[in-house]
Amino acid sequence: MIQKDGIATQEMIDSITPSAERRSKGPVAVVECFQSIPCNPCYTSCPRKAMKELIDINDMPQVNTDICNGCGVCISHCPGLAIFVIDETYGDNQCLIKMPYEFTPLPSEGDYVTATDRGGKPVCRGKVVKVVNTPMQDRTPIIHLVVPKEFSMIVRSLNINDIYDDNTYICRCEELTLGELREYIRKGYTTLDEIKRITRAGMGPCQGRTCRQLIMNEIAKLTGVKPQDQLMSTFRPPVKPVKLGFYAQEDTDNE
Ligand code: SF4
Ligand code: SF4
């Protein structure tokens, strides 16, 4: 249940899954944004106007799959890391998934990694075929991962256990490393809320979209309390910082 563990239900996923016919025609965006929040970069960033117009900024986004060509521009603009592109035409038995990825170090082209589902559970092995890391600071890197076709709507991340160490950032917004997290858990901060209060992890712009699941997994490893038995902390919609110059420019434009 999304309010408890942050993971969408199968019913929610079914409601946004592009039809089999559309998936057989080529890449297409899958927008896994299920809460009514004041946010619209997915709509404003799409060069093809494939996102249905948001009459109210709180409207939930909907992609017109007839117009979307799976370019992936919207992925790196979404502060909620909620947009993926799937391409089931990539190979006979393989699909390509373009996914947002905000950890360092980034995997490299050619790496084989463990592909995981929305809850971080291993699903299969996957191959990283491209890493798009724009130099602009406010853009999310995108990983192109190839996995068996049947997992196109299941795989949504990759297991960084293959590549991370104590210096790897678990919470990118608040710069909490894995080593620091483990130390806090060992000191007795054994709930997501306690970790959030002592480290601020989950209080940054993405509001814990990626770190909360990783923190809960790490708590589970060190305490034995499964993620589904842990208490979820409160989180709010993601925010997107805007430079003050943007508003100054708007004023000038209005004059
Ligand atoms: S993948 Fe490209 S065309 Fe499709 S909704 Fe995103 S930006 Fe628009
Ligand atoms: S979180 Fe992403 S998908 Fe949801 S409204 Fe904002 S930009 Fe769109």
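So, a few notes on the structure that sits alongside this text.

Criteria and thresholds
- Residues numbered from 1 in each chain as written.
- Chains lettered and ligands numbered in written order.
- Predicted model: local features only at pLDDT ≥ 70, side-chain atom pairs only at ≥ 80, totals over all residues.
- Heavy atoms only, no water.
- Buried < 20%, exposed > 50% of the residue type's maximum accessible area, 1.4 Å probe, protein only.
- Helix = DSSP H or I, 4+ residues; strand = E, 2+ residues; numbered from the N terminus.
- Pairing = 2+ DSSP bridges.
- Near = heavy atom within 4 Å.
- Nonpolar A, V, L, I, M, F, W, Y, C, P; charged D, E, K, R; others polar.
- Expected span 1.5 Å × (residues − 1).
- Phe/Tyr/Trp six-rings, centres within 6.5 Å; stacked < 30°, edge-to-face > 60°.
- Lys NZ or Arg CZ within 6 Å of the ring centre and 35° of its normal.

1. Regarding the pairing of strand β6 (residues 142-148)
Okay, step 1: Here β6 lies mainly inside the structure; six of its seven residues are buried.
Okay, step 2: Where strand β3 (residues 94-100) meets β6, seven bridges bridge the pair, whose relative direction is antiparallel. Bridge pairing in β6 links K98 to H144.

2. With respect to the site of ligand 1
Okay, step 1: Every one of the 14 residues lining ligand 1 counts as a neighbour, but C46, C68, C71, G72 and C74 are closest to it.
Okay, step 2: Residues that form the shell around ligand 1 fall into these classes: 10 nonpolar, three polar and one charged.

3. Things to note about helix α8 (residues 211-223)
Okay, step 1: End to end, α8 covers 18 Å across 13 residues, agreeing with the expected 18 Å (1.5 Å per residue, within 8%).
Okay, step 2: Within α8 the residues assigned to the buried category are C211, R212, Q213, I215, M216, E218, I219 and A220.
Okay, step 3: At the C-terminal side of α8, G224 shows a positive phi close to 85°.

4. Brief notes about the pairing of strand β5 (residues 122-132)
Okay, step 1: Note: strand β4 (residues 112-116) against β5, five bridges, orientation antiparallel. If you follow Y112 over to β5, its bridge partner there is K127.
Okay, step 2: Hairpin remark: β4 followed by β5, antiparallel, with five residues in the connecting loop; positive phi at G120, about 90°.
Okay, step 3: As paired elements, β5 and β6 share five bridges and run antiparallel to each other. The partner of V132 across the bridge, within β6, is I142.

5. Section: the site of ligand 2
Okay, step 1: Around ligand 2, the neighbouring residues are V31, C33, I37, C39, P41, C42, P61, C78, P79, G80 and I83.
Okay, step 2: Looking at the shell around ligand 2, its residues break down into 10 nonpolar, one polar and no charged.

6. Here we look at the packing of aromatic side chains
Okay, step 1: This structure, assessed with the given rule, holds two aromatic pairs.
Okay, step 2: Relative to F103, the ring of Y101 has its centre 5.2 Å away and its plane inclined at 65°; by these criteria the two rings are edge-to-face.
Okay, step 3: On the accessibility criterion, Y101 (1% relative accessible area) is buried.
Okay, step 4: For the pair Y184 and Y189, a centre-to-centre distance of 5.6 Å together with 85° between the ring planes defines the contact as edge-to-face.
Okay, step 5: Under the relative-accessibility criterion, Y184 is labelled partly exposed at 23%.
Okay, step 6: On the basis of relative accessibility, which here comes to 28%, the residue Y189 falls in the partly exposed class.
Okay, step 7: The aromatic ring of F84 is capped on one face by R156, whose charged end is 4.8 Å from the ring centroid.

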